[in-house]
Every structure is written in C-alpha cells, then in structure tokens.
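Chain residues, written in single-letter form:
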Amino acid sequence: MSETSPLENMLAQMSAARPYADIDDGVFERLKHPERTLKVTLPIHRDDGSIEVYEGYRCQFDSARGPYKGGVRYHQSVTREEVEALAGWMTWKTALMDLPYGGAKGGVVVDTRDLSDREIEHLTRRYTEGIRRMIGPAMDVPAPDINTGPQEMAWMMDTYSMYEGYVVPDVVTGKPLSIGGTAGRVEATGRGVAITADHAFEYFERDLTEATIAIQGFGNVGSVTARLLDERGADIVAVSDITGGVYNADGLDTGALEAHLESTGGVAGFEGGRSIDNDDLLRLDVDVLCPAALENAITVDVAEELRADLVLEAANGPTTVAADEVLRERDVPVVPDILTNAGGVIVSYLEWVQNSQQYSWDLEGVNADLERRISTAFEETIEAFAERETPDLRTAAYAVALERVGDAHGVRGLFP
Ligand SMILES: NC(=O)c1ccc[n+]([C@@H]2O[C@H](COP(=O)([O-])OP(=O)(O)OC[C@H]3O[C@@H](n4cnc5c(N)ncnc54)[C@H](O)[C@@H]3O)[C@@H](O)[C@H]2O)c1
C-alpha cells in the first residue's frame, strides 16, 4: 500500500473500523466501491484566444441515505483517486452528522493562479455543463472546497438554471446570500472546528484559553478557525499557506494577518512574526496542530517528530493511516476530519433546506443548529470510543458512520 494514496487510506480507515461496526459483510463489500465517477474534458478559450483543455471529475460514492453531497476542488494535484477518496470521506461525514445525504466530490485539475477571473468563470460553467446530467437538488448537490467559493457556486447555479429554464438555487450550496445562500455558510467549517476544539479540550481536561496552536493552511477553513480560536483566548503561534509561514511565540494577531492576506494574497511577509517553513510548523512544540490544507500533511516522518499534544483535523485526510499508527503509539490523540470539519456540510444542509422551503433563517438560528449537530456527533464518537473500545477516535467515528450507512443499505435491499 502506498502511504500517501488518499483512496487506499480511506479504504484502510473503513477496514480498521469494520470489527467495531455491526454491518453486513455484503454491504461492507459494496461500500468499498464508489457508485460512479464521471471524467469530463473541459476546453476553454484562454484570454489570448488559444484553447486549453482541462480535466474534471465528479464521483458519487454512495446514496443510500439521501442525495449525494460534496464539494468541488480546483487544484493541480486533483486525480480521480483523490476525488473518489474525498467522496468516500463525505459519505462517512454526512452519516456521522446524521444528515439525509450520501457522499460525493468533484475536482478540476487546474492551478487557478494561472487563470484570470474570466477564465475561471468559463471553466466553472463548462465543468457544470459537463456534470449537469448527474447533479440536481434531489440528486447531487455540490459545494465549495479548495480554491472554490461563493462566486464559483453562483456560476454553477446560474449555468444549471439556464439549462433548466428556471432558477434552481438548491442545486449547489455555499452560494452568495443574494441568490439563496445562508447566513453563516462561509464561516461554517471553521466554526465547526472551533466547537470541536471546545469539546476536545473539555474531554481531555485541558484549558483552551491557555493553548498554543499551529495551523497549516490559511484559506477559508484555516483563517476562520484561527480567528475563532484566537477569540476564545488561545494563542495562534504559527500559520502557513502556499506562500510561506509565520511564527510568533506570543501569538499572532489574526485580524492583522487576515488584512495582510487580503492585501498581498498570502501570509508570507507578515511583519507580526518571523518566517517559518511548513516542515518546521508541523513539528512545533504546541498544544494543538491543526492541518487545514491538503491530504498527507502528517506522514510517518512527521508523526515521529511531531510535538503537538493533539491533532485537530480541519482538512480532509491530512493524516496517513501509517502516521495514525505512529501517533497512537505515541499517545497523541487525533480528532478526525469527518467530525472536526463537518460544520461546512451541516450548514450546507441548512442552506438546502431553506432553499427548498423558500425561507431563510437568521445567523443565530443557523449557528445554534450547527453547534447542536456537531456537538451530538462529538458525544456519539466519544461514546463509541468508550463503549466499543476502539483504538482511536477516528475508528469510533467510522464505526458510527458505517453502521448508519449499512443500516440504510440493509432496509433498502439490493436492487434489482
Ligand atoms: N471549504 C469548506 O467548507 C470545507 C469543508 C470541509 C473540509 N474542507 C477541507 O479543508 C481544507 C481546506 O479547504 P479550504 O476550503 O480552506 O480551501 P482554501 O482554498 O480556501 O484554502 C486552502 C489553504 O491551504 C493552503 N495550502 C495549500 N497547499 C499548501 C501547502 N502545501 N502547505 C501549506 N498550505 C497550503 C492554501 O494556500 C490556502 O491557504 C481542505 O482539505 C478541504 O477539503 C473544506
């Protein structure tokens, strides 16, 4: 097995939880295979008049519990395998949160730094056309992920609606407020990470207000997580992104850092701290290491030298299965991705429900619902960990999720 294959890691995580979940053998076998993956070819006109051809994917992993749900990623490292792994993780996440959804994921192989806004719009519209026969409010509902946000969701919603001939807001979530987005969606994933941190600190009997935290990735998830943990009194001592990293032992001014990001496009060069590279950030002596970028941040090499007391997985798949084993041996708890970063899909669900009711809720209502759902999932994970004596929290979370998906398959039966 390759240590850094996201799909092999996702499948190994499922297998590790298998003995702790009451699930039929045949159903488990089915769940190892994504239902379908579509590959689309995406030619667009570049600004200079030339034609460039990109590749995209949409994987629908499982739909036993409801419509497929999952984000769309724009990144040069996107592969079919990665999209399938991410779609699997979405399946376990929606089940752990007890949302009436299955799991999906999409991706386009592109470095968006090379594209103008016009080119990104054309690519987004072409991708939407490519996958439009498999998406829809009752079928599969995309959302933002790495390098996509409200603007891309608006273009997807518009393209889909043009083909349908009427406005279909609930075909995607994470939209701007003006076209049916919900209060609280942009911040939702980071807010969920912060709420999970509250519970984890309570569970491990530690004081979050005294904690030092290092965060890898300062995009949507990393920056909101940093601000909300800073507001709780923790010291965000280091953050990094694709441009570089910054460190300040007394805690970074996260507001000033966000302003710096806004004006320069990255965290590098921030004057409120000294520069630090990614490798050093991952090995800092801190209370919490929070990976909020890509998969495979914590490999065996990193895990062996990691000095954080707790890993809080804001990214999807940031810890390899082999690294998990090292961390378990070293007694470093990992709060798993399918729990920690579920705030985004919870609030996406609330957006979809509001769209279907043609009604909108206020921020307080959305945040209260988010907190309730993620807190319940945290309790259920801890309960499974204690009662089933799983080796770690990830296995406990997977056992709960696998059973829920397995139950849905059981009662629905095997078609035909
Ligand atoms: N956006 C959501 O609602 C959401 C929900 C759940 C999970 N996630 C997961 O959270 C993670 C981050 O997503 P996002 O939405 O914040 O994306 P984003 O595009 O807003 O930000 C990604 C960040 O990671 C940084 N980055 C990329 N490669 C890096 C590297 N090698 N080292 C350090 N930093 C690096 C980028 O510079 C950027 O700051 C992903 O794993 C994503 O799947 C996102």
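Residues numbered from 1 in each chain as written. Predicted model: local features only at pLDDT ≥ 70, side-chain atom pairs only at ≥ 80, totals over all residues.

### Section: the domain arrangement of the protein chain
By a frequent convention, interface size equals the accessible area lost on bringing the separate parts together. Under the domain assignment used here, the protein chain contains domain 1 (34–168) and domain 2 (188–340). Distance between the C-alpha centres of domain 1 and domain 2: 27 Å. At the junction of the two partners, domain 1 supplies seven residues and domain 2 supplies six residues. (Domains from an automatic or database assignment. Contact = placed C-beta atoms within 7 Å.)

### Quick look at the sheet that holds strand β5 (residues 140–144)
Two orientations exist for strands paired in a sheet by backbone hydrogen bonds: parallel and antiparallel. Read across the sheet, five strands follow the order β1-β2-β4-β3-β5 without closing on themselves; strand pairing throughout is mixed. Looking at the sheet topology across the chains shown, the edges are occupied by β1 (36–45) and β5. For this sheet the average axis-to-axis angle between neighbouring strands, irrespective of direction, equals 25°. When strand β3 (residues 68–75) meets β5, the two strands line up parallel, connected through five bridges. From the neighbouring strand, Val72 faces β5, where its bridge partner is Pro144. Running over the sheet, helix α3 (residues 80–96) touches β1, β2 (51–62), β3 and β4 (103–109) and is turned about 150° from β4. (Pairing = 2+ DSSP bridges. Helix = DSSP H or I, 4+ residues; strand = E, 2+ residues; numbered from the N terminus. Axes fitted to C-alpha atoms, helices over the stretch in contact; angles between N-to-C directions.)

### Here we look at the pairing of strand β7 (residues 235–241)
Where burial is concerned, most of β7 is hidden: six out of the seven residues are buried. Pairing of β7 with strand β8 (residues 244–247), which is carried by four bridges, proceeds in the antiparallel orientation. Bridge pairing in β8 links Val239 to Val246. Counted along the chain from β7 to the antiparallel partner β8, the turn is two residues long. (Buried ≥ 20, exposed ≤ 12 C-beta atoms within 10 Å, placed from the backbone.)

### Digging into the sheet that holds β7
Spatially, seven strands are ordered β9-β8-β7-β6-β10-β11-β12 in an open sheet, and the strand pairing comes out mixed. Here the strands that pair on one side only, and so sit at the sheet edges, are β9 (274–275) and β12 (334–335). Judged from the two bridges that link them, strand β10 (residues 288–291) and strand β11 (residues 310–312) form a sheet pairing that is parallel. Within β11, the position partnered with Val288 by the bridge is Leu310. In the packing of helix α7 (residues 220–231) onto the sheet, the strands contacted are β6 (212–216), β7 and β10, and the crossing angle to β7 comes to about 170°.

### Some points on the packing of helix α6 (residues 185–203) against helix α13 (residues 343–357)
Relative orientation of the contacting elements α6 and α13 amounts to 140°, with a least axis distance of 7 Å. Here α6 is positioned oblique relative to α13, judged by the angle of their axes. You can see that α6 and α13 cross each other, and the crossing is right-handed. Counting all contacts with α6, which are made through Arg185, Ala188, Thr189, Arg191, Gly192 and Val193, the residues of α13 involved are Gly343, Gly344, Ile346, Val347, Ser348 and Glu351. Taken together, the residues of the contact of α6 with α13 sort by class into four nonpolar, five polar and three charged. (Parallel < 35°, antiparallel > 145°, perpendicular 65-115°, else oblique. Left-handed = near helix turned anticlockwise from the far one by under 90°. Nonpolar A, V, L, I, M, F, W, Y, C, P; charged D, E, K, R; others polar.)

### Some words on helix α15 (residues 393–412)
One full turn of an α-helix is made of 3.6 residues, so residues set three or four places apart face in the same direction. The end-to-end C-alpha distance of α15 is 29 Å, a good match for the 28 Å that 20 residues give at a rise of 1.5 Å each. Looking only at α15, the buried set comprises Leu393, Arg394, Thr395, Ala396, Ala397, Tyr398, Ala399, Val400, Ala401, Leu402, Val405 and Gly406. After α15 finishes, the residue Gly413 shows a positive phi value of roughly 80°. (Expected span 1.5 Å × (residues − 1).)

### Side note on the environment of Tyr127
You can see Tyr127 is positioned in helix α4 (residues 117–131). Measuring from C-alpha to C-alpha, the distance between Tyr127 and Val40 comes to 7.4 Å, with 87 residues separating the pair along the chain. Here Tyr127 is in contact with Val40, Leu42, Gly56 and Val108, once residues within four sequence places are set aside.

### A short note on the site of the ligand
Residues in close proximity to the ligand total 24 residues, the closest being Gly217, Gly219, Asp241, Ala315 and Gly344. Among the elements of the structure, α7 and β7 are those that each provide at least two residues to the shell around the ligand. Residue composition of the shell around the ligand, grouped by class: 10 nonpolar, 12 polar and two charged. (Near = placed C-beta within 6 Å.)

### Describing the environment of Arg73
Structurally, Arg73 is set in strand β3. Arg73 sits in the buried class, given 25 other C-beta atoms within 10 Å.

### A closer look at helix α5 (residues 150–164)
An ideal rise of 1.5 Å per residue puts 21 Å on 15 residues; α5 measures up with 21 Å between its terminal C-alpha atoms. All buried positions along α5 are accounted for by Glu152, Met153, Ala154, Trp155, Met156, Met157 and Tyr160. Next to the buried residues of α5 lie α4 and β5.

### Here we look at the UniProt feature "binding site: substrate" (unreviewed entry) in the protein chain
Per the UniProt record, "binding site: substrate" (unreviewed entry) is found at Lys69, Lys93 and Ser348. On the basis of their most widely separated C-alpha atoms, the annotated residues across 280 residues gather in one place, lying no more than 12.8 Å apart. Mapped onto the elements, Lys69 comes out in strand β3. Lys69 has contacts with Met90, Thr94, Tyr101, Gly102, Gly103, Ala104, Val141, Val345 and Ser348, leaving out every residue within four places of it along the chain. Relative to the helices and strands, Lys93 resides in helix α3. Here Lys93 is in contact with Ile338, Ala342 and Val345, once residues within four sequence places are set aside. (UniProt positions renumbered as here; feature names shortened; annotations may be inferred.)

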